[in-house]
Amino acid sequence: FNAGMKLVKSLEREGFANTALISFDSSSSYLACLAGNDPVKPTVIDLLTYDLIKSPAHDQTEHRTPITSMAWSPTKPILACGSFDRSVSFWSIEQV
């Protein structure tokens, strides 16, 4: 058995410096990541179009310190984020 990998898509955008904490949702529709320029709110990408889903306004950010963990709900498009400030925030993906 000889397996190989093939690059499918590479996203390079302003603000993606030091990208960390990558998480796919259970339907493989969305990818959440933590971009280095704004470590207190998640960045979400629609994997069908590779468009960014509008991030929440900065005043809606619940964390005061950088996000340290992310996980998607297995049944709904809801992303949970944990932080060093000992809080967990929940973000829903809303169709506009």
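Everything here concerns the structure above.
Predicted model only: the values in this text are computed from it and were never measured.

J.: Please set out the overall build of the protein residue by residue, giving values where relevant.
T.: Of regular secondary structure, the protein possesses 0 helices and 7 strands. When burial is assessed residue by residue, the protein has 33% of its 96 residues classed as buried. For the protein, the proportion of contacts with a sequence separation of at least 24, taken over those separated by at least 6, is 35%.

J.: Now, about the sheet that holds strand β5 (residues 67-72): what can you tell me, with residues and values included?
T.: Pairing within the open sheet is antiparallel, and its 3 strands lie in the order β5-β6-β7. Looking at strand neighbours, the two that pair on one side only are β5 and β7 (88-92), the edges of this open sheet. The average undirected angle you get between the axes of adjacent strands in this sheet is 20°. Pairing between β5 and strand β6 (residues 78-83): 5 bridges, direction antiparallel. Looking at the pairing, I67 lines up with S83 of β6.

J.: Account for the side chain of S23, with residues named and values stated.
T.: Inspection of the secondary structure puts S23 in strand β1 (residues 20-24). S23 gets classed as buried once you look at its relative accessible area, which sits at 10%. Ignoring anything within four residues of it in the chain, the contact list for S23 reads Y30, L31, A32, M70, A71 and W72.

J.: Go over the sheet that holds strand β4 (residues 51-53), please, and point to the residues and values.
T.: Strand order in the open sheet formed by 4 strands is β1-β2-β3-β4, with antiparallel pairing between adjacent strands. Edge positions in the open sheet fall to β1 and β4, since each of these has one partner strand only. If you compare each strand with its neighbour and ignore which way they point, the axes differ by 30° on average. As paired strands, β1 and strand β2 (residues 30-34) are joined by 3 bridges and run antiparallel to one another. Within β2, the position partnered with A20 by the bridge is L34.

J.: Got a sec to walk through the pairing of β2? Specific residues and values, please.
T.: For β2, the tally of buried residues reaches 5 of 5 residues, placing the bulk of the element in the interior. Burial along β2 is two-sided: the residues Y30, A32 and L34 and L31 and C33 are all buried.

Rules used in this analysis
- Residues numbered from 1 in each chain as written.
- Predicted model: local features only at pLDDT ≥ 70, side-chain atom pairs only at ≥ 80, totals over all residues.
- Heavy atoms only, no water.
- Helix = DSSP H or I, 4+ residues; strand = E, 2+ residues; numbered from the N terminus.
- Buried < 20%, exposed > 50% of the residue type's maximum accessible area, 1.4 Å probe, protein only.
- Contact = heavy atoms within 4.5 Å.
- Pairing = 2+ DSSP bridges.
- Axes fitted to C-alpha atoms, helices over the stretch in contact; angles between N-to-C directions.

Purely geometric numbers; function is a separate question.
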